[in-house]
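Results of the structural survey
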Amino acid sequence: MIKDHPVIAWTPYGRKNTVSVLARYMLREHARGIIDEWWLCMNTDDDQLDDVRYAYDLARAYPQFIKLKERPHGRPRRFPKQRNTGYFYEYMTDPNTVFLRIDDDIVYLHPEAVTRLVTHRLEAVGGVASFPVMWNNSIISWFAQQAGVIPAAGQTSIYADGSPDYTWPKVGGPHCMDPVGWADGRFAVALHRRLLDTVAAGRAEDLFLYQDFPVQIGMQFSVSVFASLGSLYAGLPDGPGVLIPYEEEHWHTVHQPSVLGQSSTIVGDALVSHYTFFPQG
């Protein structure tokens, strides 16, 4: 709980291998009294038996903290399965609660990231969501390169462990699916190495942006992590929590900011890391 508001984190659940990392951060935040509940919103395929088993094991191990949520009753399954995640907002209609969306492949959360995101959303005047400095996010990578947080194009990183030197490319612009920031696997590896080295040196703050930035109204932005208020969903015209259009990323970053005429915010000192986008493989 923060500022007398319950904080519920929720994760569109599908992958044991990365959630097993995320769970350590979620348990840390719960032990600190920051996150009250963590919902695993089940979005698995029929053949993901081991992944499903892991989710149930987690919920049994921490029954007061971890809750499993199924797709709301009567809602048809959509394909690809990422299209189902928008249904879960039907559970998020308590106007007093802050909801923290955390994708199932978030593999690092700075110790102050959750508190800063939630506090920003509670104190912000307007806007749809509060986003973090999302490491391995194309638009964030563009901001970071402009600010010198990651090396400029043409600079070379020399690795002491004998790995091949890496010459940094230019992130093409603040675009959600930039060919470098979104789809270049070698770039993603270099980003993660920089994060790991910086955190290990006790200098994670070196990766912060120097200020908060508005997200341009109508610009698609990855929704891997963000804080929003239950009041955003409670009074929607098609029913509490019913997103129209139903695709959650479009709704939060293109549609609803345009409807309200209000930009969301990237919180410059809330650092988290996203593992991978599928083209980076």
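Up top you'll find the structure we're talking about.
So, a few notes on the structure that sits alongside this text. Predicted model, so just to flag it, every value in this text is computed and none were measured. (Residues numbered from 1 in each chain as written. Predicted model: local features only at pLDDT ≥ 70, side-chain atom pairs only at ≥ 80, totals over all residues. Heavy atoms only, no water.)

Overview of the overall build of the chain
What counts here: Secondary structure elements follow DSSP: runs of H or I of four or more residues count as helices, runs of E of two or more count as strands, with numbering from the N terminus. Each radius of gyration is computed over the set of C-alpha atoms, and the globule rule expresses the reference value as 2.2 Å times the number of residues to the power 0.38. Per-residue accessibility, obtained with a 1.4 Å probe over protein chains only, is compared with the maximum for each type, and a residue is labelled buried under 20%, exposed over 50%, and partly exposed between these values. Contacts are residue-level and defined by heavy atoms, with any inter-residue pair within 4.5 Å sufficient. To be clear on the numbers: accessible area is Shrake-Rupley with a 1.4 Å probe, and residue cover counts the displayed protein chains and nothing else. Under the convention used here, Asp and Glu are negative, Lys and Arg are positive, and both His and the chain ends fall outside the count. To locate a charge, take NZ of a lysine, CZ of an arginine, CG of an aspartate or CD of a glutamate.
Summing up its helical and strand segments, the chain has seven helices and eleven strands in all. On C-alpha atoms alone, the chain measures out to a radius of gyration of 18 Å, which is about the 19 Å that the 2.2 N^0.38 rule sets for 281 residues. In terms of overall dimensions, the chain has C-alpha extents of about 55 × 45 × 40 Å along its principal axes. In the chain, which comprises 281 residues, the share counted as buried stands at 51%. Contacts in the chain between residues at least 24 apart in sequence constitute 76% of all its contacts with a sequence separation of at least 6. Accessible area of the chain: about 12600 Å², with a carbon and sulfur share of 53%. A gap of 2 Å separates the mean positions of the 24 positive and 31 negative side-chain charges of the chain.

Let's talk about the layout of surface pockets
Heads up, the rule is: Cavities and pockets were defined on a 1 Å grid built over protein atoms only: a cavity is a set of grid points that admits a 1.4 Å probe from which the probe cannot escape, a pocket is an open set flanked by protein on both sides within 12 Å along at least five of seven lines, and lining residues are those with an atom within 4 Å of any such point. Grid points are joined across faces, edges and corners, and a volume is the space filled by probe spheres set on the points. Three categories are distinguished: nonpolar for Ala, Val, Leu, Ile, Met, Phe, Trp, Tyr, Cys and Pro, charged for Asp, Glu, Lys and Arg, and polar for the others, with Gly belonging to the last.
Taken as a whole, the largest pocket spans an internal volume of roughly 930 Å³. Together, 29 residues line the largest pocket, and Gln82, Asp103, Glu249, Phe277 and Phe278 are the ones closest to its centre. Elements that contribute at least two residues to the lining of the largest pocket include exactly β1 (7–13) and α7 (248–260). Of the residues belonging to the lining of the largest pocket, the class tally is nine nonpolar, ten polar and ten charged. Approximately 190 Å³ is the volume found for the second largest pocket. Lining the second largest pocket, in full, are Met42, Asn43, Thr44, Asp45, Asp46, Gln48, Leu49, Val52, Tyr56, Glu70, Arg71 and Arg77.

Concerning helix α5 (residues 185–200)
We apply this condition: Take the residue count of a helix, subtract one, and multiply by 1.5 Å to get its expected span. Polar contact is defined as a pair of N or O atoms within 3.5 Å, subject to the rule that within protein one atom must be able to donate a hydrogen and the other to accept it, and that residues adjacent in sequence are counted only when both atoms are side-chain atoms.
Compared with the 22 Å implied by 1.5 Å per residue over 16 residues, the 23 Å span of α5 between its first and last C-alpha is a close match. Gly185, Phe187, Ala188, Ala190, Leu191, His192, Leu195 and Thr198 are the residues of α5 that are buried. With a side-chain oxygen positioned 3.0 Å from the backbone nitrogen of Arg186, the residue opening α5 is Asp184. A positive backbone phi angle near 75° is found at Gly202, which sits one or two residues after α5.

So, the pairing of strand β4 (residues 98–102)
Applied cut-off: Here the rule is simple: two strands pair whenever DSSP picks up at least two bridges between them.
When you tally the buried positions in β4, you get five out of five residues, the bulk of the element. Where burial is concerned, the two faces of β4 agree: the one with Val98, Leu100 and Ile102 and the one with Phe99 and Arg101 are both buried. The sheet contact formed by β1 and β4 spans four bridges and is parallel. Residue pairing for β4: Trp10 is matched across the bridge by Arg101. Across five bridges, the pairing between β4 and strand β10 (residues 225–229) is antiparallel. Residue pairing for β10: Val98 is matched across the bridge by Leu229.

Some thoughts on the side chain of Gln256
Mapped onto the elements, Gln256 comes out in helix α7. Judged by relative accessible area, which is 9%, Gln256 ranks as buried. Leave out the neighbours within four places in its chain, and Gln256 touches Val128, Leu232 and Trp251.

Some points on the environment of Ser264
Relative to the helices and strands, Ser264 resides in strand β11 (residues 264–274). Separated by 47 residues in sequence, Ser264 and Ile217 place their C-alpha atoms 7.7 Å apart. Here the side chain of Ser264 touches Ala129 through a polar contact of 3.1 Å, landing on its backbone nitrogen.

Some words on the packing of aromatic side chains
Using the following cut-off: Aromatic pairing here means that ring centres of Phe, Tyr or Trp (its six-membered ring) are within 6.5 Å. Orientation follows from the plane angle: under 30 degrees is stacked, over 60 is edge-to-face, and everything else is tilted.
Evaluated as defined, the whole model comprises 16 aromatic pairs. Here the aromatic rings of Trp10 and Tyr89 are separated by 5.1 Å at their centres, their planes lie at 80°, and the arrangement is edge-to-face. Of this pair, Trp10 sits in strand β1 while Tyr89 sits in the loop between β3 (66–69) and β4; the two residues are 79 residues apart in sequence, bridging distant segments of the chain. Neither Trp10 nor Tyr89 differs from the other in exposure class; each is buried.

Brief notes about the pattern of salt bridges
Counted only if it meets this: Think of a salt bridge as a Lys or Arg side-chain nitrogen and an Asp or Glu carboxyl oxygen that are within 4 Å of each other.
Within this structure, the stated rule accounts for 17 salt bridges. When the shortest N-O distance is used, the salt bridge between Arg28 and Glu29 registers 2.8 Å. Its relative accessible area of 0% is what places Glu29 among the buried residues. A salt bridge links Arg101 to Glu248; its shortest N-O distance comes to 2.7 Å. Note that Arg101 is positioned in strand β4 and Glu248 in helix α7, a separation of 147 residues in sequence. On the basis of relative accessibility, which here comes to 4%, the residue Arg101 falls in the buried class. One network of salt bridges, with partners in common, ties together Arg28, Glu29, Arg32 and Glu112.

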